[in-house]
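Descriptive analysis of the structure
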Amino acid sequence: MSLGYAEKLSYREDLGGQLGAPEIFDQDEALNANAQHLSGMIRDSKTVVVFTGAGISTACGIPDFRGPNGVWTMQRAGKPLPKARSSFTTAIPSLTHMAIAELVRRGKVRRVVSQNVDGLHLRSGVPRDKLAELHGNCFAERCPSCKKEYIRDFEIETVGFKRTGRKCSMPGCKGRLKDFILDWEDALPEDELVASEEAASAAALAICLGTSLQITPACDLPLRTPKAGGKLVIVNLQKTPKDKKAALLIHGRADEVMRAAMSRLQIPIPPFVRQDTFLINIAQQSGGRKGTAVEVRVSSTHGPECAMPLVRAVDICFPENDTLRPASLERQPFVVKRVMPWPGELSMRITLHLVETIEEQYRTVDHTCTVSIAAPGIPTRACSTASDEQAVQKSKRRKILIEQCERVTAITQKVLYS
Ligand SMILES: [Zn+2]
């Protein structure tokens, strides 16, 4: 599995801060006492802000940067980069992500400020307006004209605010979208930074989870809370330069600490349910003397040209019509065209073969449907919106969409977190 994001960043000799510092683990008794202390602080604080770093995503199969086997640590040592067990696309949120999402849902955590670009906070259900992504998001692209942000289900191809090649789809805009991922030299996005500063200053409690707090200005943000009279908690396996400012310091894995703290708060951590959407289009076109041409297309809901990283292959068959050959499509675009010799009902079964992930083995999803195919040149849908004559003229030139369906598949995490 490649480390797409780290490899896309420009090469930099000076990575700043300390790399590969040893990890410290609190003994069980101390960890439990600390988790108890943390749960009490969460309970007693009216407003909480959470700061997160790469340490909360290592449990998802994504390597961190500055740990003993982190990406930058290995790069500095001239060793091969660590292998990711999961790509950003197929990774599922960790226990910590889900615990944070639940605390946000309950109104306890007012804002989550993350240095992570893996998109897992959004995937876990944290609403966009409660999240500040200081270093961007590998799944986001933004329109420079109208500021609309699009969250995709595929990784954006570029980093450093470059044009992605896609256009804004807001009515009347057509702005050229740019990625929303910082490269080394890029300044932090102003809107995310201001929101983080305000949240940190207003919070009674700031909790830092899995961040080595070494990169400015992100590492200085949590200090605004103690400066304004609140408290700071740091949960990390390595020492950080801000440890002295913390009212509570916990050396433990974020998941273990959050599991214990949520249990003491008696707040169940919800399971993660992933929902993916695919678009199925069925269109017809006058097919000449042989009949009516029918086109079945399975595509991304983000646009017909967009990648579908979760779909490995698509099978399409027509169980009640022997004359129409079934199709096995192994690469995009997933499109099949068949000529229906006479008008009538056409049944089809579309099977999506999804990619394997670390949580789930190879899986298929079936979609069955029946559509009405009109005689050549007289598409059903077009006749209802234009005169028959116009429709016939139009159909000679164009495909007419007769069914569009957004298929949603849910992948449920088998292991419950609580
Ligand atoms: Zn726009």
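Just so it is clear, the structure is predicted and the values come from calculations on it, not from any experiment.

Here is what the cut-offs are and how they apply
Residues numbered from 1 in each chain as written. Predicted model: local features only at pLDDT ≥ 70, side-chain atom pairs only at ≥ 80, totals over all residues. Helix = DSSP H or I, 4+ residues; strand = E, 2+ residues; numbered from the N terminus. Buried ≥ 20, exposed ≤ 12 C-beta atoms within 10 Å, placed from the backbone. Contact = placed C-beta atoms within 7 Å. Axes fitted to C-alpha atoms, helices over the stretch in contact; angles between N-to-C directions. Parallel < 35°, antiparallel > 145°, perpendicular 65-115°, else oblique. Left-handed = near helix turned anticlockwise from the far one by under 90°. Nonpolar A, V, L, I, M, F, W, Y, C, P; charged D, E, K, R; others polar. Pairing = 2+ DSSP bridges.

Within the protein chain, the secondary structure is distributed over ten helices and 18 strands. For the protein chain, with 418 residues in total, the buried portion stands at 41%. Look at the contacts in the protein chain between residues 6 or more apart in sequence, and 67% of them connect residues 24 or more apart.

A separate point is the packing of helix H4 (residues 95–105) against helix H8 (residues 254–265). Their axes nearest at 8 Å, the elements H4 and H8 cross at an angle of 40°. Relative to H8, the element H4 is oriented oblique. Once H4 is placed against H8, the crossing between them reads as left-handed. Of the residues in H8, those touching H4 at Leu95, Thr96 and Ala99 are Ala254, Asp255, Met258, Arg259 and Met262. Looking at the contact of H4 with H8, its residues break down into five nonpolar, one polar and two charged.

Across the sheet, which stays open at both edges, the four strands sit in the order E14-E13-E16-E17 with antiparallel pairing between neighbours. The open sheet terminates on both sides in strands that have one partner only, identified here as strand E14 (327–329) and strand E17 (363–373). Each strand of the sheet is rotated relative to its neighbour by a mean of 15°, with strand direction disregarded. Bridge count for strand E13 (residues 311–317) against E14 is three bridges, and the pairing is antiparallel. By the bridge assignment for E14, Val314 is matched with Leu329.

Judged from the six bridges that link them, E13 and strand E16 (residues 344–354) form a sheet pairing that is antiparallel. Within E16, the residue paired with Cys317 across the bridge is Arg349.

Attention shifts here to the pairing of strand E15 (residues 334–340). The two faces of E15 differ: Phe334, Val336, Arg338 and Met340 on one face are buried, but Val335, Lys337 and Val339 on the other face are not. Pairing between strand E12 (residues 292–300) and E15: seven bridges, direction antiparallel. Following the sheet pairing, Arg297 is matched in E15 by Val335.

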